[in-house]
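# A closer look at the structure
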Amino acid sequence: MAEVRLQKFFTDCGVMSRRTAEREIACGKVKVNGITAHIGCKIDPAIDTVEYGGRVIGNKSGGEKRRCTYILLNKPVGYVCTMSDEEGRLTVRDLVKSLHRRVYPVGRLDMYSEGLIIMTDDGELTNKLTHPSHGLTKTYVAEIPSIITDEDAVRLAEPFEIDGYMIRRPDVRVISVTGAKNPLSKVEFVLAEGRNRQIRRMCERAGYKITRLTRIKIGELIDTELPLGHWRFLSKEEVEYLKNI
């Protein structure tokens, strides 16, 4: 079996993120074959024994590959997409405690947005889906307390620079407009990338304020029946779809 970096091994096993693994390795909390490991260490999972927190991690026998876990979470507003937060805010980890397995969010969804997010302990799939070149589309619905016309939607979709990067032109369309005295427009945004607060910044640039932002679709994955704050396992077909796109 090919050698892998120790921090990647921890991610593949669903124990911790690479960044956390690097910190734990640097603190001398990880041993390989009984010897304290160091940053940059590589191991052969089929041969080497890795210990962390008094237990052996992974399967050194080289037998059947560990089965990964894949779930779909409907994140409510008020939760951050990290496994821990230095400011003590609620995290998506709090929403999946009943799983009794450590899974990580694939990508981000800001604290003030709600909607679908994939979580898994499959490090290889996570790296694939979050790589900038992959372009997995994500679909959002924004509620805006203004009358938005089709012409406004065209203006919202105009590319501009965010953090030194010229964003790709997204697909933007008006779903509905209601009210006269208190108008409310629902606008759909389909992005092939996810720059920091991109949709909010697109609307702010055009002079609009978003009162609610919901991610309703990831690629072709959609679930209109999953309640806010709840999660479910991805089906075999859904996992295969993600691996093959």
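As the structure is a computational prediction, the values presented were derived from the model and not from experiment.

## Regarding the packing of helix α4 (residues 123–130) against helix α7 (residues 236–244)
In contact at an axis separation of 10 Å, α4 and α7 are set at 55° when each is read in the N-to-C sense. Between α4 and α7, the angle falls in the class oblique. Taken together, the residues of α7 that come into contact with α4 (itself represented by Leu125, Lys128 and Leu129) are Leu242, Lys243 and Asn244. For the contact of α4 with α7, a count of residues per class yields three nonpolar, one polar and two charged.

## What to know about helix α6 (residues 198–205)
Residues Gln198, Ile199, Arg200, Met202 and Cys203 constitute the buried set of α6. Looking at the buried positions of α6, the neighbouring elements they touch are β10 (138–144), α5 (150–156), β11 (161–162), β13 (171–178), β14 (184–191) and β15 (212–218). After α6 finishes, the residue Gly207 shows a positive phi value of roughly 90°.

## Section: the sheet that holds strand β6 (residues 55–57)
With antiparallel pairing, four strands are arranged side by side in an open sheet as β3-β2-β5-β6. Across the chains shown, the open sheet's two edge strands, defined by having one partner strand only, are β3 (35–36) and β6. Looking at chain direction, strand β2 (residues 30–32) and β3 are connected through two bridges and run antiparallel. Bridged to Lys31 within β3 is Thr36.

## Comments concerning the nonpolar core
With 52 residues, the main nonpolar core has Leu6, Phe10, Val50 and Phe189 as its most contacted residues. Beyond its immediate sequence surroundings of up to four residues, Phe189 is in contact with Lys138, Thr139, Tyr140, Ala142, Leu156, Asp171, Val172, Ile199, Met202 and Cys203.

## With respect to the packing of aromatic side chains
With the rule as written, the count across this model stands at three aromatic pairs. Between Phe9 and Phe10 the ring centres are 6.1 Å apart and the planes differ by 70°, which places this aromatic pair in the edge-to-face class. Relative accessible area serves as the criterion here: at 7%, Phe9 is assigned to the buried category. The class for Phe10 is buried, based on a relative accessible area of 0%. Taking the centre distance of 5.8 Å and the plane angle of 80° together, the rings of Phe10 and Tyr52 count as edge-to-face. On the criterion of sequence distance, the pair formed by Phe10 in helix α1 (residues 6–12) and Tyr52 in strand β5 (residues 50–52) is long-range, its members being 42 residues apart. Through a chain of ring-to-ring contacts, the aromatic side chains of Phe9, Phe10 and Tyr52 assemble into a single cluster. Above the plane of the ring of Tyr165 lies Arg195, whose end atom (NZ or CZ) is 3.6 Å from the centre.

Cut-off values and rules
Residues numbered from 1 in each chain as written. Predicted model: local features only at pLDDT ≥ 70, side-chain atom pairs only at ≥ 80, totals over all residues. Heavy atoms only, no water. Axes fitted to C-alpha atoms, helices over the stretch in contact; angles between N-to-C directions. Helix = DSSP H or I, 4+ residues; strand = E, 2+ residues; numbered from the N terminus. Parallel < 35°, antiparallel > 145°, perpendicular 65-115°, else oblique. Contact = heavy atoms within 4.5 Å. Nonpolar A, V, L, I, M, F, W, Y, C, P; charged D, E, K, R; others polar. Buried < 20%, exposed > 50% of the residue type's maximum accessible area, 1.4 Å probe, protein only. Pairing = 2+ DSSP bridges. Core = buried A, V, L, I, M, F, W, Y, C linked by side-chain atoms within 4.5 Å. Phe/Tyr/Trp six-rings, centres within 6.5 Å; stacked < 30°, edge-to-face > 60°. Lys NZ or Arg CZ within 6 Å of the ring centre and 35° of its normal.

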